[in-house]
Each structure stands twice: as C-alpha cells, then as structure tokens.
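One-letter residues, chain by chain:
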Number of protein chains: 2
Amino acid sequence: VSLSGEERLIRDYLAPLAGPAGLGLLDDAALVRVPEGRDLVVTKDALVAGVHFFADDPPEFIARKALRVNLSDLAAKGAMPLGCFLALALPPAFSEGDFARLAQGLAEDTRAFGLPLLGGDLVRTPGPMMLSVTALGTVPVGRMIRRTGVEAGDRLYVTGTIGDAALGLRLRMDSSLYADVEAADRDYLLDRYLLPQPRSILAPLVQAHAHAGMDVSDGFAGDLSKMLRVSGVSTVVDVDRVPFSAAAQRLVTRHPSLLATILAGGDDYELLLAVPPDQAAALCDGAATMSVALTFIGEAIAGKAPARFRSKGEDMAFESPSFSHFA
Amino acid sequence: VSLSGEERLIRDYLAPLAGPAGLGLLDDAALVRVPEGRDLVVTKDALVAGVHFFADDPPEFIARKALRVNLSDLAAKGAMPLGCFLALALPPAFSEGDFARLAQGLAEDTRAFGLPLLGGDLVRTPGPMMLSVTALGTVPVGRMIRRTGVEAGDRLYVTGTIGDAALGLRLRMDSSLYADVEAADRDYLLDRYLLPQPRSILAPLVQAHAHAGMDVSDGFAGDLSKMLRVSGVSTVVDVDRVPFSAAAQRLVTRHPSLLATILAGGDDYELLLAVPPDQAAALCDGAATMSVALTFIGEAIAGKAPARFRSKGEDMAFESPSFSHFA
C-alpha cells in the first residue's frame, strides 16, 4: 500500500511525538479535551529562516527554538502546556537527514516540556524555511495572566538576564566582532541566541501571584513600555538594576554603547511580571526554590507617560526600543 | 505614544476582526472558553505563494482561501467554528494597500463563517508570502468525526462536484490551454480554484450521521483511498457516478485524458463521508434542505485491498492518485 511522501515522513518521524489527542497524526484535525474548570490559552508564533534564525543553524535547534518561543508565551500567561501544532514549510535543499534531525529536536522538547505534537501541516516552499507553531495551554477558568493587567503600585520583575541573545546574534552575524571576547563568553552568548530557555517552570507561580505578564521577545525596553502602555500605567526603570550576565557585563563594560543595544535587542525570552506588593515575597521565594533568578526592576506608577529608562541618573533614549518587522 | 509597525497594522486592520477571546489582539495569547459538554477540534494548514496559490492572486482571495481550507477540515470533522489564528509572513513587495485588501478578505470570511480572529503573528520574509491558519472548532464530547471511522457496509458520499479546481489550476497556469473552453466555463473553473467553498453548513449533519469524514484537498482518488486504508476497509468506485460540473463534463468529453487528472487533481474542498445505511436518508434529506449536492459513489467493503476505481467496466490506473509535496 503506497504512502505519499508526506504520509511517510509524518508516520516515521512525527507520529511518535503525538499524544493521544493527535490521533496518530492520521486525521485532518486533533481532538482536544480541555479539563473541566480550565480555560484554553492559545498562542502562535512564526519563524522564518534569515529573519528569526539562520538557515544553517542545526535543524534540531531550529525546531526547539520554534517550540520554545511559544512555550515562553504560555509561561508568561501562567499557562500549563497542553499540546502544539506545527506548520512546516521546507525549502528544496532540506534533506530527509535534516528532517530527521528536526524531528529529533521536536521529540526532545515536546517531551521535556510536556507539549505533545497534536497536528499540523508539512509543505514545500521555493523560499526560506518557515515554521509556525501554535501552542495550547490551560489556566484555571478566567485566570489567564494578561499583558494589560499592570496596576499602579505593582512591583515589576524580570527573570534571568537581559541582552545575552542580542549580543549572541551580533557575534553570530560577524564573528570578527569584539575579538576581545573570551571564548567561554562567546559560546555562552551564542548559545543564548540559538536556544531560548523558556521559563515554563514558573508558570504556576505566575498564575498564582502576578497581575500581568509578558515575555521579552522584541526587546526589554520596548516590551516593558508596551506592557505598561496597554495597562494604562507608567514606570521609571533604573537601568543599573537590570540583570546582565557576567558575559554581557564584561562586554558592555568594554563597549558602553552596547548598553542601549542589549536593552532594546530582543530574543531574551525572559518574563516581565507585575506583582502586587503582598504577593512579591511568595513569588520571589517560589522562583528561588526553582533556581530562577528574579530581579526587581521598578514599580508601576499611575499615569500614561511612556516608561522612562534611567542610567547613572540620566534618561536614556533609544533609537528604536524594540524590534519591529514593519516601519 | 509610538506604536511599532506591527502594532499599528494589527490595531488598524486586524483587531476589528477579533472576538472577545482575542482580547483586542493586544496580548501574547488568546483566552478561549470551550463550552461545557464540547470537545475542541483543532486543524492547521499552511499555504505558500507559488505552491498553494499564485503570488499575484488578489490578496483578499488569498486570505479567504487560507481560512476556507481550514474551515473545510472543520466541516469534515463535524465541528462548529470557534475561532482562528493567523501567522502571516509578508514579502518585501507586499504594500499596506495589499495588507488592507488581505484584511478585508479576512473580515468578510471570519464574519460569514463565524470564525473570529483570535491571534497570530505578523512577520517579514525575504521569500514568498506564507500564511498558516490554525482553526478551532467544537463537537459534542467524544463526537469528532474521524478519518479512521469507515465501517464495511457504510455508504460513501461526496458533496458538490469533483475536478473543477484542478481544471481551474490548469487554465490559470496556461490560459492558452483548451482554447475551445467557453468563457463562462473558464470563469467558473478559475473561480473554483481561486476560492474554495467549504461545506461548513453541513457540519451538524456530518456530526449527527457520519461514521467518518475527510475533505478532498489532495485529490479525490488519493484521499478516498487514504480514508479507506486508515479505516482498514476497501471499496470499488464506479467513476461514472462521480459528480462533475457541467463545465468539467464538457471539457472531459472533448479531452478524455483529463478524467484521470481531475480525479487525482486536488483542491476540491468537498467532503467525503461514510454513513451507515440507516443514517443515509437523514443525511441526504438534510443536505437537500441545505441545497448541497450529495452523491452516492459506492459502498465500503471488508478487506484491506486498495480502493479500486472503475470506468466503463475497466479498472483505472493513476500515475499518482493524489498530490504530495514530497517524493
């Protein structure tokens, strides 16, 4: 009995990653039961070779990045992963060996994050590779953490460190740049760009304690400004509080102009959280238990003024505080 | 307060299409309440310019096609539309005027089919335009109609007519082809390729009466063979029963070799349904009430032999019974 090429690739490489709702990836659709008392949270991000990753990145990392940027969104909403869908457009030069590696990356992270592959689509493109992942998660009914929920008086936190991926991207684009970077720092920064570390482990804490949340994908300064603007509040951030890795710190010390770059650079996939003061201790203690760094960066204040960023007592200006595809 | 380009395009053109679950498209994710007693049905299809549509098709039709191929999948599963997500990768030459037309097409069909836009992603690509739609629908708990549910003895039906879109594609690729086609037939066939007509109106009947269903997207012969194979049954189809439009009939009469082409050609977006004999009358009466043509094409029989297609008493052979992106 002859199978088409798609059917064979799906059967051999992707069907093993499907949970029961995926029906062995034999159907046009998945059947998803949302547990009683839970709401569904749905997010969808697209990645294009040459825009969001490099066409010659290892296929297993490309696949994992596509899953992880969506997992990061779920974590910011306080949602527990339920399953995902992948639309994959493959260029002519993408071999079955590449496909096997891509599937291996999917296998690893769908397992690690409890996000079974439930369906999708597999097509050819004459252009660059593109992946679109739709991730489903759940929260208690009505309890999704929104971007718009910041209130004046909330304490603002960010997880992990900011700017590593933006520096990693620069090094990836031009390896002759910053020739004075130590090899270990270089590897660390490149890795932070190649493979985001979504803060999925924090989702239950976010859900329990945050007023608002979003992940930092388009740049710390721009994303924080956006969250406050859509919430109708403001803040003044002391940039000297923003957490940087030792590698980033070393680089910025030598090249101070990089400070603005990394605050606006994007691809951090850390969480920005707004937390009422009486919940702050519980959130911080919980994050410490999970070994996730959580840094206080400022307080939300009343008023619709744009967020301000101050360094050494002076206001910083950003040419463009976040990444945008469109003018 | 400055908005990024994406934010402005989303606010001006897409936010008006969002239902309440879309949260004004201001968040990273949508919050979807699945009604009690219902299961979620999720499908995801991707379309690439130059592969699934022509880069110079009108943007409003490209958008509607992307929604409709997903609506067709929901209908085949007996699912009522709930909402959709769109990942859109736009090439450099795509103007804001094009974007406005694309949004207009989305507006029209999200309204017409009750499928509000709940979220998605908007990115640039150096390559061809690509759209990936994730459509959500619902069925009564446990009652999604599967592709694998055909039983021996089931009556097999197809909606509408087969082959029009495959002929329309040929004419679209080479307008000098079949110069003897009447202008009205040509327009009809071109339109059938440009804009699928998903059988969404039949979803409740499919849900109530069918054992199994799928939509015909990759070719009638191949898709029917697939549905029977994954169900572990077989059939013999008398090809002379397969419904053709008057336009297709006229063309095939003059060019008999087109018969195999249109049976294997794809893009029909009609429904294949397997129905137990005691439900057939109810399904047929219901479809007649909805003014949807429903044609009996054969009976499912026990056994794992591949489906056979007979024309004028002889077995037909297909070089490739369905479209596949991959060898």
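All values derive from a computational prediction rather than experimental measurement.

Draft legend 1. Up close: the overall build of chain A. When its secondary structure is counted, chain A shows 10 helices and 14 strands. Here the C-alpha atoms of chain A give a radius of gyration of 20 Å, agreeing with the 20 Å that 2.2 N^0.38 yields for 327 residues. Per-residue burial over chain A gives 60% buried out of 327 residues. Accessible surface for chain A amounts to roughly 12,000 Å². Of this, 54% is attributable to carbon and sulfur atoms.

Draft legend 2. How the structure looks around the relation of the copies chain A and chain B. Superposition record for chain A on chain B: RMSD 0.0 Å, screw rotation 180°, translation along axis 0.0 Å. Such a combination of turn and shift is consistent with a two-fold rotation axis. Minimal C-alpha separation from the rotation axis in chain A is found for G127 of chain A, amounting to 2.3 Å. Looking at the interface residues of chain A, 100% of them are also at the interface in chain B, so both copies use one shared face.

Draft legend 3. Main features of empty space enclosed by the protein. In total, this model carries 2 cavities of 30 Å³ or more according to the counting rule given. Roughly 50 Å³ of internal volume is contained in the largest cavity. Lining the largest cavity are V48, A89, T125, P128 and M130 of chain A together with T125, P128 and M130 of chain B. A breakdown of the residues in the lining of the largest cavity according to their chemical character gives 6 nonpolar, 2 polar and no charged. In this structure, the second largest cavity occupies an estimated 30 Å³ of space. Forming the boundary of the second largest cavity are D164, A165, R192, P196, Q197, D267 and D268 of chain B. By residue class, the composition of the lining of the second largest cavity is 2 nonpolar, 1 polar and 4 charged.

Draft legend 4. Representation of the environment of S175 of chain B. Residues and elements named next belong to chain B. Structurally, S175 can be placed in the loop between helix 4 (164-173) and helix 5 (183-194). Residue class for S175 comes out exposed when judged on its relative accessible area of 58%. Separated by 11 residues in the primary sequence, S175 and R186 place their C-alpha atoms 9.3 Å from one another.

Draft legend 5. Fine view of the side chain of S231 of chain A. All names here are of chain A. By the secondary structure assignment, S231 is in helix 7 (residues 220-231). At 3.5 Å, the side chain of S231 forms a polar contact with the backbone nitrogen of G149. There is a polar contact of 3.1 Å between the side chain of S231 and the backbone nitrogen of V150.

Draft legend 6. Fine view of the pairing of strand 6 (residues 155-159) of chain A. Residues and elements named next belong to chain A. Strand 6 sits mainly inside the fold: 4 of its 5 residues count as buried. Pairing of strand 6 with strand 10 (residues 270-275), which is carried by 4 bridges, proceeds in the antiparallel orientation. Looking at strand 10, one finds that L156 is bridged to A274. Bridge count for strand 6 against strand 11 (residues 294-299) is 5 bridges, and the pairing is antiparallel. Bridging from a neighbouring strand, T159 pairs with L294 of strand 11.

Draft legend 7. Spotlight on helix 8 (residues 246-254) of chain A. Residues and elements named next belong to chain A. Within helix 8 the residues assigned to the buried category are A247, A248, L251 and V252. Seen along its axis, helix 8 keeps its buried residues to an arc of 125°; they face one direction. Looking at the buried positions of helix 8, the neighbouring elements they touch are helix 4 (164-173), helix 5 (183-194) and helix 9 (258-264).

Draft legend 8. Structural context of the pattern of salt bridges. Inspection of the entire model under this criterion finds 48 salt bridges over all chains. Between E7 of chain B and R229 of chain A there is a salt bridge, with its nearest N and O atoms 2.5 Å apart. Note that E7 of chain B is positioned in helix 1 (residues 5-14) and R229 of chain A in helix 7, a pairing that runs across two chains. Here R254 of chain B and D180 of chain B are joined by a salt bridge, their closest N and O atoms 3.6 Å apart. Here the residue R254 of chain B occupies a position in helix 8 (residues 246-254), and D180 of chain B occupies one in the loop between helix 4 and helix 5, the gap between them amounting to 74 residues. For R254 of chain B, a relative accessible area of 35% gives the class partly exposed. Each of R8, R11, D12 and E96 of chain A takes part in one network of salt bridges that share partners.

Draft legend 9. Seen up close, the sheet that holds strand 13 (residues 308-311) of chain A. All names here are of chain A. Judged by pairing direction, the sheet is mixed, and its 3 strands sit side by side in the order 9-13-14 without closing on themselves. Looking at which strands have only one partner, the edges of the open sheet turn out to be strand 9 (236-238) and strand 14 (314-315). Note that strand 13 and strand 14 share 2 bridges and pair antiparallel. The residue of strand 14 that forms the bridge with S311 is E314.

Draft legend 10. Inspection of the environment of A203 of chain A at higher detail. All names here are of chain A. As for its position among the elements, A203 is in helix 6 (residues 203-209). For the pair A203 and P92, spaced 111 residues apart in sequence, the C-alpha separation works out to 39 Å. Aside from chain neighbours lying at most four places away, what touches A203 is A75, G78, A79 and M80.

Draft legend 11. Geometry of the side chain of H209 of chain B. You can see H209 of chain B is positioned in helix 6 (residues 203-209). A relative accessible area of 15% places H209 of chain B in the buried class.

Draft legend 12. The arrangement of the interface of chain A and chain B in detail. Contacts between the two partners involve 68 residues from chain A and, on the opposite side, 68 residues from chain B. Summed over both partners, the interface of chain A with chain B comes to about 5,800 Å²; 60% of that surface belongs to carbon and sulfur atoms. Considering only the side of chain A, the residues that lose the most area to chain B are D28, K44 and F326 of chain A, jointly responsible for 14% of the buried surface there. Where chain A meets chain B, there are 10 salt bridges. Here R33 of chain B ties to D39 of chain A by a salt bridge, and the two come within 2.5 Å at their closest N and O atoms. Run the count over chain A and chain B and you get 28 residue pairs in polar contact (both at pLDDT 80 or more). The set of elements that each furnish at least two residues to the side of chain A that touches chain B consists of helix 1 (5-14), strand 1 (30-32), strand 2 (38-48), strand 3 (80-90), strand 4 (117-124), strand 5 (130-140), strand 7 (212-216) and helix 7 of chain A. Residue classes in the side of chain A that touches chain B are distributed as 36 nonpolar, 15 polar and 17 charged.

Draft legend 13. Region of interest: the pairing of strand 10 (residues 294-302) of chain B. Here 3 bridges tie strand 8 (residues 233-238) of chain B to strand 10 of chain B, and the two strands are oriented antiparallel to one another. By the bridge assignment for strand 10 of chain B, V233 of chain B is matched with A302 of chain B.

Draft legend 14. Just the packing of helix 5 of chain A against helix 8 of chain A, in detail. Residue and element names in this part refer to chain A. One way to put it is that helix 5 packs onto helix 8 with a least axis distance of 9 Å and a crossing angle of 110°. When the axis of helix 5 is compared with that of helix 8, the two are roughly perpendicular. Relative to helix 8, helix 5 is oriented so that their crossing is left-handed. Along its contact with helix 5, which presents D185, Y188 and L189, the element helix 8 presents A247, A248, R250 and L251.

Calculation notes
- Residues numbered from 1 in each chain as written.
- Chains lettered and ligands numbered in written order.
- Predicted model: local features only at pLDDT ≥ 70, side-chain atom pairs only at ≥ 80, totals over all residues.
- Heavy atoms only, no water.
- Helix = DSSP H or I, 4+ residues; strand = E, 2+ residues; numbered from the N terminus.
- Rg over C-alpha atoms; globule rule 2.2 N^0.38 Å.
- Buried < 20%, exposed > 50% of the residue type's maximum accessible area, 1.4 Å probe, protein only.
- Areas by Shrake-Rupley, 256 points an atom, 1.4 Å probe, with all protein chains shown as cover.
- Least-squares fit on C-alpha atoms with pLDDT ≥ 70 in both.
- Contact = heavy atoms within 4.5 Å.
- 1 Å grid on protein atoms, 1.4 Å probe; cavity = no way out; pocket = protein on both sides within 12 Å on 5 of 7 lines; lining within 4 Å.
- Points joined across faces, edges and corners; volume = space filled by probe spheres on them.
- Nonpolar A, V, L, I, M, F, W, Y, C, P; charged D, E, K, R; others polar.
- Polar contact = N/O pair within 3.5 Å; in protein donor to acceptor, adjacent residues only side chain to side chain.
- Pairing = 2+ DSSP bridges.
- Arc of directions from axis to C-beta.
- Salt bridge = Lys/Arg side-chain N within 4 Å of Asp/Glu carboxyl O.
- Buried area = accessible area lost by both parts, 1.4 Å probe.
- Axes fitted to C-alpha atoms, helices over the stretch in contact; angles between N-to-C directions.
- Parallel < 35°, antiparallel > 145°, perpendicular 65-115°, else oblique.
- Left-handed = near helix turned anticlockwise from the far one by under 90°.

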